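# Observations on the three-dimensional arrangement
What follows is the residue order along each chain.
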Amino acid sequence: MEAPVAMIASFAEVMAWLRGEVRREPGLGRLQLLSESSGAARAAVLIRDRARLAIVEAGRVPPEECDVLVLVGTAESLGSALARLPHHRVHALTLPTPRALLQRAIEEGIRAAQTVLQGRVADQLIDVGLALNRERDPRRVLELILRHARAITGADAGSVYVVEDEGRRLRFRVAHNDSVTADLAEFTLPVSDASIVGHCVRTGEIINIPDLSAETAHAHDRSFDDRFGYETRSMLTVPMRPPQGQVVGAVQLINAKHGRGPLDGPQEFARVHAFSDADARLVQALATQGAVALENAGLYAEIEALFEGFVRASVTAIEQRDPTTSGHSQRVADLTVALAEVVDGSETPAFRDYHFTRQELREIEYAGLLHDFGKVGVREQVLVKAKKLHDAQLERVLERFEHLRTVTQLRWFQAQLAAGRPDEPAALAELHREYARIDAWREVVLRANEPTILIEQVSSAVHEVAGLRFTDAGGRELAVLDDELLQALLVPRGSLTRSEREEVESHVRHTYNFLIQIPWGRALARVPEIAGKHHEYLNGSGYPARLPAADIPIQARLMTVADIFDALTAADRPYKRAVPVARALDILHLEANAGKVDRDALQAFIEARVYERVGLRLI
């Protein structure tokens, strides 16, 4: 007769069998028993390489953390329990059951848990890769690498080192520790065999130390452990090296542990175990991804620095053409970015839908710095024109007055000689009256030449001067003021004639045409548009295109406020005096009332005291 088949009839017998199997065969996994208050086991979790298989009696609440669940019970209890369970990865085992069937169910369950774990790790690696590809900040790249490396391996602590000084030194950049709170400053150490991480970087080898207390091949600095009462037991150090590249850093993980809680006491370090070969392979894959991302972030930073240098050099070129406006471009950029940050955080109806990313703020900054770049296409004599007449024009007019004075004197002498009375006082007085009249006309020109508002009396006097004629040495009759000079002196406000103003205004078109040639990329694609529309007004009276309000982006509207404000308050313009902040804001209110400037943007500018960003105060 065949021997009777050994049967397992209760959940308690299942637990007893599991305990015996784990003692007999440690490779099966680590067994964690979950007990009730009475001490009876209500569930067990079998852990192998971080894969978690939960064995639970039907009707009991399963553990929160498990990859696969084996539900044990009678056919009746299993039916009702399965109907209530939300868990999708469930294996059912009906009691009573033969020992061989129980053993097979447990082995299949742990293999299924390992498969689930591998899938989860693969998903994590994909997610990490996607996150690293999106990240451009080198420090955040390092943070991502370390966080995910610890999550995948269950490490209690870890750090990342980056190679510097052409491969001669390592910089400690990022550190995490679940059990110790410490603000660790950055430091450097040589790439050498004097440290585990230095040896890893020098050789490019993975160093996996199961127990540092028994380690003799590598020296470990225990100053951190002594300082914070910590105990470094297991350690995994993996080089960060892109494919076909040099080592750029290293990831060092400390104390692989069972469970997620901190190691907050000496007894807790019993949970520490060695990092597995699978851990080393996973971290190597992650470190390789991180190295590529770090290289990409470095290249991106170099490109950013190149763009930044180009922009700054362009601003320098602008300001060298017109040194009197030095600093204007930077101030406009600072004011516009500050105002955009205010808008980004505003909850007012006008701005609650506007938000700017870090890249969009950089786009605004570059547009602000380059908003006047087109002035390189404006003639320098027009660009720096401080008064209504150019220096050469004024010199020519003054020479004509001197010539007129000389002609007057010569005619007087001729008249006196012809009359035979050169010393007659009345005749001499008449000469001085002629001199005074010429000096008065000269003063009219000098007064009209100032870039202030031209009053009617001065305008009439200029017309009188324009009627003066004199004969040059060749016998030609010339006007003291020709049409070109007359039109310049009759400019009602400022220093520019209409044609000169149109030439200056053309700088916006030059700016756009220049900037549109630059391959800004998607992140900075709107730089030309923002810079090219900062002189457009909401009522359609701006330039160069007289655009309607709907075609003027919010970034350009903010820049319009900043540009006008700085032009009014800047103390570096030779053709006008700086006005106080209060007066500048009053003028901007007038512009808003005229429908030119965005009223909401101006209000935000005033309420947030954005002008303080450039050192100004409202007095």
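Now for a look at the structure at hand. What you see is a predicted model; the values in this text were computed from it and never measured. (Residues numbered from 1 in each chain as written. Predicted model: local features only at pLDDT ≥ 70, side-chain atom pairs only at ≥ 80, totals over all residues. Heavy atoms only, no water.)

## Considering the overall build of the protein
In terms of helices and strands, the protein carries 19 helices and 16 strands. What you see for the protein is a C-alpha radius of gyration of 42 Å, clearly larger than the 25 Å of a compact globule of 619 residues, by over 25%. Judged by the C-alpha coordinates and their principal axes, the protein covers about 170 × 60 × 45 Å. A buried classification covers 45% of the 619 residues belonging to the protein. Restricting the contact set of the protein to residue pairs at least 6 apart, pairs at least 24 apart contribute 58%. Accessible surface computed for the protein: about 31900 Å², of which carbon and sulfur atoms make up 52%. (Helix = DSSP H or I, 4+ residues; strand = E, 2+ residues; numbered from the N terminus. Rg over C-alpha atoms; globule rule 2.2 N^0.38 Å. Buried < 20%, exposed > 50% of the residue type's maximum accessible area, 1.4 Å probe, protein only. Contact = heavy atoms within 4.5 Å. Areas by Shrake-Rupley, 256 points an atom, 1.4 Å probe, with all protein chains shown as cover.)

## Concerning the pattern of salt bridges
Tallying each qualifying case throughout the model produces 36 salt bridges. Of the charged contacts in the structure, one is a salt bridge between Arg202 and Asp193, with a shortest N-O distance of 2.9 Å. Linking Asp598 and Arg557 is a salt bridge whose minimum nitrogen-to-oxygen distance equals 3.2 Å. On the criterion of sequence distance, the pair formed by Asp598 in the loop between helix 18 (581–593) and helix 19 (599–607) and Arg557 in helix 17 (residues 554–569) is long-range, its members being 41 residues apart. Judged by its relative accessible area of 8%, Asp598 is buried. A single salt-bridge network, built from bridges that share partners, covers Arg139, Glu164, Arg171, Arg173 and Glu186. (Salt bridge = Lys/Arg side-chain N within 4 Å of Asp/Glu carboxyl O.)

## With respect to the sheet that holds strand 3 (residues 41–48)
Working definition: the strands of a sheet are paired by backbone hydrogen bonds and lie parallel or antiparallel to each other. Spatially, 2-3-4-5-6 is the arrangement adopted by the 5 strands of the open sheet, whose pairing is mixed. Strand pairing shows two members of the sheet lacking a second neighbour, strand 2 (30–35) and strand 6 (90–94), which therefore form its edges. Averaged over all pairs of adjacent strands, the angle between strand axes in this sheet comes to 20 degrees, irrespective of strand direction. By the bridge criterion, 5 bridges tie strand 4 (residues 51–57) to strand 5 (residues 68–73) in an arrangement that is parallel. Looking at strand 5, one finds that Glu57 is bridged to Val72. Against the sheet, helix 3 (residues 99–134) engages strand 3, strand 4, strand 5 and strand 6, with an angle of about 135 degrees to strand 4. (Pairing = 2+ DSSP bridges. Axes fitted to C-alpha atoms, helices over the stretch in contact; angles between N-to-C directions.)

## Considerations on unusual backbone geometry
Following Leu95, the chain continues to Pro96 via a peptide bond in cis, the omega torsion being -5 degrees. On the secondary structure map, Pro96 appears in the loop between strand 6 and strand 7 (97–98). A cis amide bond, omega 10 degrees, links Tyr543 with the succeeding residue Pro544. Along the chain, Pro544 falls in the loop between helix 16 (527–532) and helix 17. One non-glycine residue, Arg546, lies in positive phi territory at about 50 degrees. Within the element layout of this structure, Arg546 appears in the loop between helix 16 and helix 17. When its relative accessible area of 57% is taken as the criterion, Arg546 is described as exposed.

## Here's the deal with the side chain of Thr237
Mapped onto the secondary structure, Thr237 falls in strand 12 (residues 235–240). In this structure Thr237 comes out as buried when scored by relative accessible area, which is 0%. Within the structure, Thr237 has its side chain in polar contact with the side chain of Gln252 (distance 3.0 Å). The residues touching Thr237, leaving out its near neighbours within four places in the chain, are Ile196, Val197, Cys200, Glu205, Ile206, Ile207, Val251 and Gln252. (Polar contact = N/O pair within 3.5 Å; in protein donor to acceptor, adjacent residues only side chain to side chain.)

## Details of the packing of helix 18 against helix 19
For the pair helix 18 and helix 19, the least separation of the axes is 9 Å and the interaxial angle reads 160 degrees. As far as their axial angle goes, helix 19 and helix 18 are roughly antiparallel. The crossing of helix 18 and helix 19 is left-handed. Contacts between helix 18 and helix 19 involve Leu585, Leu588, His589, Ala592 and Asn593 on the former and, on the latter, Arg599, Leu602, Gln603, Phe605 and Ile606. Of the residues that constitute the contact of helix 18 with helix 19, the class distribution is 6 nonpolar, 3 polar and 1 charged. (Parallel < 35°, antiparallel > 145°, perpendicular 65-115°, else oblique. Left-handed = near helix turned anticlockwise from the far one by under 90°. Nonpolar A, V, L, I, M, F, W, Y, C, P; charged D, E, K, R; others polar.)

## So, the nonpolar core
Counting 58 residues, the largest nonpolar core has Leu46, Leu53, Ile55, Met240, Val251 and Leu253 as its most contacted members. Among the elements that line this core, the one with the most residues is helix 3, at 11 residues. Core analysis: the second largest hydrophobic core is formed by 51 residues, Val315, Val343, Leu524 and Ala601 among them. (Core = buried A, V, L, I, M, F, W, Y, C linked by side-chain atoms within 4.5 Å.)

## Remarks on the packing of aromatic side chains
Summed over the entire model, instances satisfying the criterion amount to 14 aromatic pairs. Considering the side-chain rings of Phe310 and Phe514, the 6.5 Å spacing of their centres and the 25 degrees angle between planes classify their relative orientation as stacked. In this pair, Phe310 is assigned in helix 7 (residues 277–321) and Phe514 in helix 15 (residues 498–515), connecting sequence segments 204 residues apart. Phe514 sits in the partly exposed class, given a relative accessible area of 30%. An aromatic cluster is present here, built from Phe224, Phe228, Tyr230 and Phe269 joined pairwise through their rings. Taking the ring centre of Tyr435 as reference, the NZ or CZ of Arg405 above it sits at 4.1 Å. (Phe/Tyr/Trp six-rings, centres within 6.5 Å; stacked < 30°, edge-to-face > 60°. Lys NZ or Arg CZ within 6 Å of the ring centre and 35° of its normal.)

## A word on the packing of helix 11 (residues 391–419) against helix 12 (residues 425–448)
The interhelical angle for the contact between helix 11 and helix 12, taken along N-to-C directions, is 170 degrees, at an axis separation of 11 Å. Judged on the interaxial angle alone, helix 12 and helix 11 are roughly antiparallel. Of the residues in helix 12, those in contact with Leu394, Val397, Leu398, Phe401, Leu404, Arg405, Thr408, Gln409, Trp412 and Gln416 of helix 11 are Ala427, Leu428, Leu431, Glu434, Tyr435, Ile438, Asp439, Trp441, Arg442, Val445 and Leu446. Residues belonging to the contact of helix 11 with helix 12 are distributed by class as follows: 14 nonpolar, 3 polar and 4 charged.

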